[in-house]
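Now for the letters of each chain:
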Amino acid sequence: MKEFTIRDIQPNSYFTKNTYIDNAFVLTAPEMPFSSDIVSILEKWSYKIIHSEGESNSEYSSVSTASAEVSSSSGKNAGAASGGSPAPSTIAVSQQSDVDKISKAEEFYSGFLFFVENMFVRATVSDELDPKAVTEKIKSIVEYVKEDRRFLMRVLKNIEPEAGKNYLATHSVRSTILAIIIGSYLKLQPYRMIELGVAAILHEVGMLKLPSQVYLSQRPLTPPEQKLIMTHPVLGYTMLKSFDFPIPVCLAALEHHERENGTGYPRRLVSEKISLYSKIIAVACSYEALSSKRPHKEAKDGYTGMLELLKNEGKAYDDTVVKALVLSLSIFPIGLYVLLSNGKKGQVVDVNPENPRFPIVQVFGEVNPDGKIKMMQTAQGALTIVRPLNRNEIDT
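The rules behind these values
- Residues numbered from 1 in each chain as written.
- Predicted model: local features only at pLDDT ≥ 70, side-chain atom pairs only at ≥ 80, totals over all residues.
- Heavy atoms only, no water.
- Helix = DSSP H or I, 4+ residues; strand = E, 2+ residues; numbered from the N terminus.
- Buried < 20%, exposed > 50% of the residue type's maximum accessible area, 1.4 Å probe, protein only.
- Contact = heavy atoms within 4.5 Å.
- 1 Å grid on protein atoms, 1.4 Å probe; cavity = no way out; pocket = protein on both sides within 12 Å on 5 of 7 lines; lining within 4 Å.
- Points joined across faces, edges and corners; volume = space filled by probe spheres on them.
- Nonpolar A, V, L, I, M, F, W, Y, C, P; charged D, E, K, R; others polar.
- Core = buried A, V, L, I, M, F, W, Y, C linked by side-chain atoms within 4.5 Å.

Engineer: Could you give an account of the overall build of the chain, naming the residues involved and the relevant values?
Structural biologist: Within the chain, the secondary structure is distributed over 15 helices and twelve strands. Taken across its 396 residues, the chain has 49% of its residues classed as buried. In the chain, 66% of the contacts between residues at least 6 apart in sequence involve partners at least 24 apart.

Engineer: Go over empty space enclosed by the protein with me, naming the residues and quoting the values.
Structural biologist: Leftover empty space is mapped by rolling, across the atoms, a probe with the size of a water molecule. For the coordinates displayed, the defined rule picks out two cavities of 30 Å³ or more. The calculated volume of the largest cavity comes to roughly 50 Å³. Forming the boundary of the largest cavity are 13 residues, of which Glu-258, Glu-260, Ser-278, Lys-279 and Ala-282 lie nearest the centre. With four residues, helix α12 (residues 276-290) is the single largest residue contributor to the lining of the largest cavity. Class assignment for the residues of the lining of the largest cavity results in five nonpolar, two polar and six charged.

Engineer: Give a detailed account of the nonpolar core, specifying residues and quantitative values.
Structural biologist: Formed by 80 residues in total, the largest nonpolar core has its most connected members in Leu-129 and Ile-177. Dropping the residues within four chain positions of it, Ile-177 is found in contact with Tyr-109, Phe-112, Val-145, Leu-152, Met-153 and Leu-156. Ranked by size, the runner-up nonpolar core spans twelve residues in total, among them Phe-4, Phe-15, Val-39 and Tyr-47.

Engineer: Can you break down unusual backbone geometry residue by residue, with the values?
Structural biologist: The linkage connecting Tyr-265 with the following residue, Pro-266, adopts the cis geometry, with an omega of 10°. Backbone geometry places Lys-187, a non-glycine residue, at a positive phi of 60°. Mapped onto the secondary structure, Lys-187 falls in the loop between α6 (167-185) and α7 (190-202). Backbone geometry at Lys-315 places phi at a positive 55°, although glycine is not the residue there.

Engineer: Before we move on, can you summarise the environment of Lys-209 with the specific residues and values?
Structural biologist: Note that Lys-209 resides in the loop between α7 and α8 (212-215). By relative accessible area, which is 43% here, Lys-209 ends up partly exposed. Between the C-alpha atoms of Lys-209 and Thr-231, which are 22 residues apart in sequence, the distance is 9.7 Å. The contacts of Lys-209, once residues within four sequence positions are left out, are Asp-127, Leu-235 and Met-239.

Below, the structure is given as structure tokens:
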């Protein structure tokens, strides 16, 4: 693969094949111009070189090899993208492969959480925050979520945050994964996915400037403490700006508590004034908060949390972003334990792109005649989900 110096690339030129950051992360496809906007983002992140097997041309030309590359790349998910879903029937899955991928997802999640916990400690104790290190980590997160989203979501459901630990890191990790899933559904360009991920992992960084006994309180906050908490978006914006993070990332920290109807804070912005990253993070954070246990509240199951977001009372959230979350995870989200209409118990393991009400489930305690895990496509008039189950009901 050849290297191209960014400053030597003609603005708005086209490459005959995909361009990459670090030989792996896709930056542009042949149909996309290498715009000045992309150049400015790369320069902001201190990238000087990109990689491609193609050549740069001043105008787009349909090249067969380039088309083949794009087709091959997009073909990996063609079934899901085209809306093709299995008929209501048993789906065979290798049990060992499934177990291995769950184990890998658990390891990945633990590593990500460890990174964020350490990043927050350094930011608190030494006032240290490394934009380059954060960016590199987010690139790996985006790639992993793209490939193994459904296994990672099952891990998020299976692993409860440890009691007594700083929930801020856990919330940031889980919200980032959800934000990236939403961004993928919205088909954000690769470099915007990186920005979104960086913004999501750092959106609560302003909390670190507050006394920990306030933001980690296990009791209802007093009015003065509530006012103090409401300063964290401004503190986060100021902190990220001081470390030269891009303005869209800083704005996401500032605006993630703004709401479409103007009821948010700190500036009571309305829909068109709120940045896209902030809208995405707002939905991701809200769903994560609804479905996770906190010191002062119990977690709601994913189905109930999803319904609350779908109601969108008072139009607090962007409808397009809420829809992206629902269609990415289904109304019965990946990882949810469920009771099925045949009396069996199971777990939602994948979405049905044609209808988010009827996801694919793994039936507990059952295998196919060939020994593979039994997966069933739920469908109207056939196998359906009766209701969500909590973990205690699964163990009985």
